[in-house]
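If you want the building blocks of each chain, they are given just below.
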Amino acid sequence: MDSKDSKESLAKPSPQARKLAEKVVDAYGGIEKINNLNELMYKAKGTIKESSMISGAENSFECVLYARGDKTRVELNILGQSVITGYNGTLSWVKQGENVFPTDPTTAKHIQLEVEHGLKLLEQIGERNSFFALGEPQTINGKECQSLLIRASDGKLSRFCIDPVTNLVIRNEYTGTDLEQGLRTVKANVYSDYRSAFGTQLPYTTIEYNDGKKSSETTLLNIELVTGGNDSMFEMPIETPIARLKQGPIKIPFDYRANEIMIKSKINGKSDVSLILDTGATTTVLNAADATAYGIAKSSDYKMTTGSGTIKTSYITLSSLGLGDLTLNNVPVAVSDLPGFQELPGQKPVGIIGADILRRFLVCIDYENREVSLSDPHDVKVPDDAIILPTEPALGAAGLVVQGKLEGQPITLLVDTGAAFNNVSEHLVKKLIKSSLLPVGKVEGLDGQKISIGAVMFKNLKIGPLTVQNPVFSVAPESVSGLPKGIIVNGALAILGNPFWSNYKLTIDYRHQRLLLERSKRGDQFEEACSNIDSIEEKYWRNHDAASASSLLRELSKKLEQRNSMPGSAISLAKSALYASMQLKSFDTTDASTLPARIGAINADFATATQRAVSSKDKTAIAEVLSTNAIYFLKYSMPPNPVSARLLLSSAMSNAPTNVSVSLGCYWLAKQMKLKSARQIVDQVLMIQPNNWDALWERYNEAKIQANTHDQMLIVDQLKRYYSSIPDVEALSTASGASVN
């Protein structure tokens, strides 16, 4: 029941309400017949149609349902695999093929609420202390219906709308959870096609809604009594442990390319292929073109919701799937065209590993050491310094969300290791974005659908005990007609992808509904070093004193070297050399004799910085130093040296292709060579780092040259959002002639 019904929450019990309740119970055959039904076990066959609240995609399944009282068991076949969901009155569970999982407490609570707030509440008519009150009349399917309010065992009200002719319930409402998006919602069940069964009346069609949107429709074809039925069928089957896990964790190295986790796998015993590890995918999927190597896919009408829309899938059962030294046998997977893979650099992945496999394990992703560990989900040791974030189920209980606050505004975030960017739909954060979005690029889902987006650096994000400063999200425009419907645009979920999780060692504990985050000392040192570098650079933007910036960065480099923080020391020394080189363009010809020595000192600093970065084995530091050196060769070397710059950038890209400094170096190279790709590259910088000083001014100056006042206005808005107190920005108007070189 939503907030508009707050008056009804104050409703008082009345004789009229109890009289109405008695008429309803009589319509169902009387309280004795209702109670007798709870003692019987019955079996029903029919269909379940599930509708995605995000994309609207609809899937239909034949089902077999067993029930006794508040116990249920539903049997489906999804993509060639038997899927059974059971509830014994307390515990809920899922069996996929031969794999058994207890569901999380939230899902179990959801099922319990469905039972307790459903027609079962009518049993309370025989209880003297039960709460019955009259609610506001409702119009259902053109009928003016009386409303009966009944309080459930959790103390909350459920509204029942009564057919004025039959006195049967045709709709009930209560406050529950949308398990696809992990959100609080007003749930409604609409009942129709009542038929006599076991001395009472049962609805053969039930349609479920979440906040007015249809989420499922169950249609029964027949119902029969199960004589001699045993309640053991509602109990969770015994789990069969994966024997290999008794020997310890399965260690799998991974490549981290384009912010995606790529692990090697052997499919059907053949040569290694790459798969993306994707906690945001409910199902493991192979690219159709690659799946042909492993058999003939069977057709299906099953549709999956993706970031940018839906994909239609077929399926295939793999004889084996190798993960490290573990081999899983008879693994059903979805098969679909995944054109988005073509955009990824290097060896293309052949598919994704989704939650249907990952949830069998305790999953640990060590981004710093590029290693995934799969462990026994029952054997969890929480590190003393771990940050514990509680999770809730989403995407039909296979996915995970965390509840957070973005600049103080509540937001639900999907834990998605298959996402190369953090993302939030504009309609979720409209109050936080004071100006129009500056388009800076496109993102695409598995289906290859591309969506134009902007990017915003917010002030902070709080999740449980964790507070993160300056998180960056790509922002998809508010839903408009013609745009594909998916999580990125139309969903009520934001996405936390690898740019966020890669700052930690991430452990996903599906069984206990939590994430364990660990920060390394090295990671903290590096973050502190980068923060200090940023502060020095901001001082330069204020006073344009390159000599001072170079000196401060050199001092910082020495301090970091003394602390053995070599990645930060290397980057700050390279930055110091770059700021020193800026002074060469304004060099006084009367001091020409000192020029060779100064250039020699700059080159020596770059060489030392490179040596420190390489010795640290930190790929980000290596990429930063090499790209900073390349920028020197392109912008300040006399004469420019694009050949050396290209070689340095090639090496930098092999270490960290999505690094901002690498992209900036590529931009300066493309601009010097007058390539059309320059604009695309500078937008890529702004997608990763929307407050990047150099990139914003490059876009501004380009718009100014083109007399593009619209873009000028948008870029001025961005500059003032991030740098409102810096003199160069204060001097700007939307049509200003100011420029910064």
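It should be emphasised that the depicted structure is a prediction, and the values quoted were computed from it without experimental measurement. (Residues numbered from 1 in each chain as written. Predicted model: local features only at pLDDT ≥ 70, side-chain atom pairs only at ≥ 80, totals over all residues. Heavy atoms only, no water.)

### With respect to the overall build of the protein
Phase 1 of the analysis: Looking only at helices and strands, the protein features 18 helices and 37 strands.
Phase 2 of the analysis: With the C-alpha coordinates of the protein rotated into their principal frame, the extents come out at 110 × 60 × 45 Å.
Phase 3 of the analysis: Among the 741 residues that make up the protein, the fraction classed as buried is 55%.
Phase 4 of the analysis: Taking as baseline every contact in the protein between residues at least 6 positions apart, the subset at least 24 positions apart corresponds to 61%.
Phase 5 of the analysis: Surface accessibility of the protein: about 32,900 Å² in total, with carbon and sulfur atoms responsible for 49%.
Phase 6 of the analysis: Across the protein, the 79 positively charged side chains and the 81 negatively charged ones have centroids separated by 2 Å. (Helix = DSSP H or I, 4+ residues; strand = E, 2+ residues; numbered from the N terminus. Buried < 20%, exposed > 50% of the residue type's maximum accessible area, 1.4 Å probe, protein only. Contact = heavy atoms within 4.5 Å. Areas by Shrake-Rupley, 256 points an atom, 1.4 Å probe, with all protein chains shown as cover. Lys, Arg positive; Asp, Glu negative; His and termini not counted. Charge placed at Lys NZ, Arg CZ, Asp CG, Glu CD.)

### Description of the packing of aromatic side chains
Phase 1 of the analysis: If you walk through the whole model with that rule in mind, you get 19 aromatic pairs.
Phase 2 of the analysis: What links up through ring pairs into an aromatic cluster is the set Trp541, Trp693, Trp697, Tyr700, Tyr722 and Tyr723.
Phase 3 of the analysis: Sitting over the ring of phenylalanine 131, arginine 151 keeps its end group 4.2 Å from the ring centre.
Phase 4 of the analysis: Taking NZ or CZ as reference, arginine 195 lies 4.1 Å from the ring centre of tyrosine 204, over its face. (Phe/Tyr/Trp six-rings, centres within 6.5 Å; stacked < 30°, edge-to-face > 60°. Lys NZ or Arg CZ within 6 Å of the ring centre and 35° of its normal.)

### Considering empty space enclosed by the protein
Phase 1 of the analysis: In the structure shown here, the tally under the stated rule is four cavities of 30 Å³ or more.
Phase 2 of the analysis: Its volume calculated, the largest cavity comes out at about 140 Å³.
Phase 3 of the analysis: Taken together, 13 residues line the largest cavity, and the ones lying closest to its centre are Pro102, Asp104, Arg359, Tyr510 and Arg511.
Phase 4 of the analysis: Contributions of two or more residues to the lining of the largest cavity are made by β6 (99-102), β26 (392-394) and β27 (399-406).
Phase 5 of the analysis: Of the residues that constitute the lining of the largest cavity, the class distribution is six nonpolar, three polar and four charged.
Phase 6 of the analysis: In this structure, the second largest cavity occupies an estimated 50 Å³ of space. (1 Å grid on protein atoms, 1.4 Å probe; cavity = no way out; pocket = protein on both sides within 12 Å on 5 of 7 lines; lining within 4 Å. Points joined across faces, edges and corners; volume = space filled by probe spheres on them. Nonpolar A, V, L, I, M, F, W, Y, C, P; charged D, E, K, R; others polar.)

### Section: the side chain of asparagine 655
Phase 1 of the analysis: Tracing the backbone through its elements, the reader meets asparagine 655 in helix α13 (residues 642-655).
Phase 2 of the analysis: Within polar-contact distance, the side chain of asparagine 655 engages the backbone oxygen of serine 651 at 2.9 Å.
Phase 3 of the analysis: When neighbours within four sequence positions are excluded, asparagine 655 is seen to be in contact with Lys619, Ile622 and Ala623. (Polar contact = N/O pair within 3.5 Å; in protein donor to acceptor, adjacent residues only side chain to side chain.)

### Here we look at helix α4 (residues 105-116)
Phase 1 of the analysis: Between the first and last C-alpha of α4 there are 16 Å, a value that for 12 residues agrees with the 16 Å anticipated at 1.5 Å per step.
Phase 2 of the analysis: By the burial criterion, the buried members of α4 are Thr107, Ala108, His110, Ile111, Leu113, Val115 and Glu116.
Phase 3 of the analysis: Buried positions along α4 lie against β4 (81-87), β5 (92-96), β10 (169-178), β11 (183-197) and β26.
Phase 4 of the analysis: Capping of α4 at its N-terminal end is provided by aspartate 104; its side-chain oxygen lies 2.8 Å from the backbone amide nitrogen of threonine 107. (Expected span 1.5 Å × (residues − 1).)

### What to know about the pattern of salt bridges
Pairs may arise between side chains of opposite charge once their charged atoms sit close together.
Phase 1 of the analysis: Per the counting criterion, the structure on display carries 31 salt bridges.
Phase 2 of the analysis: Salt-bridge contacts for glutamate 702 lead to arginine 679; the nearest nitrogen and oxygen are separated by 2.9 Å. Pair noted here: glutamate 702 is in helix α16 (residues 693-705) and arginine 679 is in helix α15 (residues 677-688), with a separation of 23 residues, a long-range link.
Phase 3 of the analysis: Of the residues examined, arginine 679 reaches a relative accessible area of 29% and is grouped as partly exposed.
Phase 4 of the analysis: By sharing partners, the salt bridges in this structure join Arg679, Asp683, Arg699, Glu702 and Asp711 into a single network. (Salt bridge = Lys/Arg side-chain N within 4 Å of Asp/Glu carboxyl O.)

### Side note on the pairing of strand β3 (residues 71-78)
Phase 1 of the analysis: Where strand β2 (residues 58-68) and β3 come together, five bridges link them in antiparallel fashion. By the bridge assignment for β3, alanine 67 is matched with threonine 72.
Phase 2 of the analysis: Following β2, the chain reverses through two residues before pairing antiparallel with β3; glycine 69 in that reversal takes a positive phi of roughly 60 degrees.
Phase 3 of the analysis: Across seven bridges, β3 lies against β4 in antiparallel orientation. When the sheet's bridge partners are listed, arginine 73 is paired in β4 with glycine 86.
Phase 4 of the analysis: Remark: two residues form the turn of the hairpin made by β3 and β4, two consecutive strands paired antiparallel; leucine 79 in that turn has positive phi of roughly 50 degrees. (Pairing = 2+ DSSP bridges.)

### Section: the environment of alanine 476
Phase 1 of the analysis: The topology assignment puts alanine 476 in strand β34 (residues 472-476).
Phase 2 of the analysis: Overall, the relative accessible area of 0% leaves alanine 476 in the buried class.
Phase 3 of the analysis: In this structure, the C-alpha to C-alpha distance between alanine 476 and proline 383, residues 93 residues apart in sequence, is 37 Å.

### Details of the packing of helix α10 (residues 566-582) against helix α12 (residues 619-635)
Phase 1 of the analysis: Running from amino to carboxyl end, α10 crosses α12 at an angle of 5 degrees, the nearest separation of the two axes being 9 Å. On the basis of their axis angle, the class for α10 and α12 is roughly parallel. For the pair α10 and α12, the contacting residues are Pro567, Ala570, Ile571, Ala574, Lys575, Leu578 and Ser581 in the first and Ala621, Glu624, Val625, Thr628, Ile631 and Tyr632 in the second.
Phase 2 of the analysis: For the contact of α10 with α12, the per-class residue count stands at nine nonpolar, two polar and two charged. (Axes fitted to C-alpha atoms, helices over the stretch in contact; angles between N-to-C directions. Parallel < 35°, antiparallel > 145°, perpendicular 65-115°, else oblique.)

### Structural notes on the environment of tryptophan 668
Phase 1 of the analysis: Relative to the helices and strands, tryptophan 668 resides in helix α14 (residues 660-672).
Phase 2 of the analysis: Once the C-alpha coordinates of tryptophan 668 and valine 186 are considered, the two residues, 482 residues apart in sequence, prove to be 53 Å apart.
Phase 3 of the analysis: Setting aside anything within four residues of it in sequence, one finds tryptophan 668 in contact with Ile631, Leu634, Lys635 and Glu698.

### Description of unusual backbone geometry
Excluding glycine, residues mostly have negative phi values, and the peptide bonds linking residues are mostly trans.
Phase 1 of the analysis: With omega at -5 degrees, the peptide bond leading from methionine 638 into proline 639 counts as cis.
Phase 2 of the analysis: The residue proline 639 is located in the loop between α12 and α13 in this model.
Phase 3 of the analysis: At aspartate 211, a position not held by glycine, the phi torsion is positive, near 50 degrees.
Phase 4 of the analysis: Looking at the secondary structure, you find aspartate 211 in the loop between β12 (200-210) and β13 (213-225).
Phase 5 of the analysis: Here aspartate 211 falls in the exposed class, since its relative accessible area comes to 52%.

### Comments concerning the packing of α14 against α15
Phase 1 of the analysis: At a closest axis distance of 8 Å, the pairing of α14 and α15 adopts a crossing angle of 160 degrees. As the angle between them shows, α14 and α15 are arranged roughly antiparallel. α14 and α15 meet at a crossing whose hand is left-handed. Contact with α14, carried on its side by Val660, Ser663, Leu664, Cys666, Tyr667, Ala670 and Lys671, involves Ser677, Ala678, Ile681, Val682, Gln684, Val685 and Ile688 of α15 and no other residues of that element.
Phase 2 of the analysis: Of the residues assigned to the contact of α14 with α15, the class counts are 10 nonpolar, three polar and one charged. (Left-handed = near helix turned anticlockwise from the far one by under 90°.)

### Some details on the confidence of the model for the protein
Phase 1 of the analysis: When pLDDT is averaged along the protein, the result is 90, and 93% of the positions lie at 70 or above.
Phase 2 of the analysis: Element-level mean pLDDT values for the protein span from 60 in helix α1 (residues 6-9) up to 98 in strand β24 (residues 371-375). (pLDDT = per-residue confidence, 0-100.)

### Concerning the nonpolar core
Phase 1 of the analysis: With 145 residues, the main nonpolar core has Ile365 and Val372 as its most contacted residues.
Phase 2 of the analysis: Tallying contributions element by element places α12 first for this core, with 10 residues.
Phase 3 of the analysis: Contacts of valine 372, omitting those with residues within four sequence positions, involve Ile250, Lys251, Ile252, Phe254, Ile261, Ile263, Leu277, Val363, Cys364 and Ile365.
Phase 4 of the analysis: Judged by nonpolar contacts, the second largest core, of 30 residues, contains Tyr42, Ala197, Val285 and Met304. (Core = buried A, V, L, I, M, F, W, Y, C linked by side-chain atoms within 4.5 Å.)

### Remarks on the environment of isoleucine 296
Phase 1 of the analysis: By the element assignment, isoleucine 296 lies in the loop between α5 (288-291) and β18 (303-305).
Phase 2 of the analysis: With 18 residues separating them in the primary sequence, isoleucine 296 and serine 314 have C-alpha atoms 9.9 Å apart.

### Overview of α12
Phase 1 of the analysis: If you check α12, its first and last C-alpha atoms are 24 Å apart, about what 17 residues at 1.5 Å a residue would give, namely 24 Å.
Phase 2 of the analysis: By the criterion of burial, α12 is predominantly enclosed, with 14 of the 17 residues buried.

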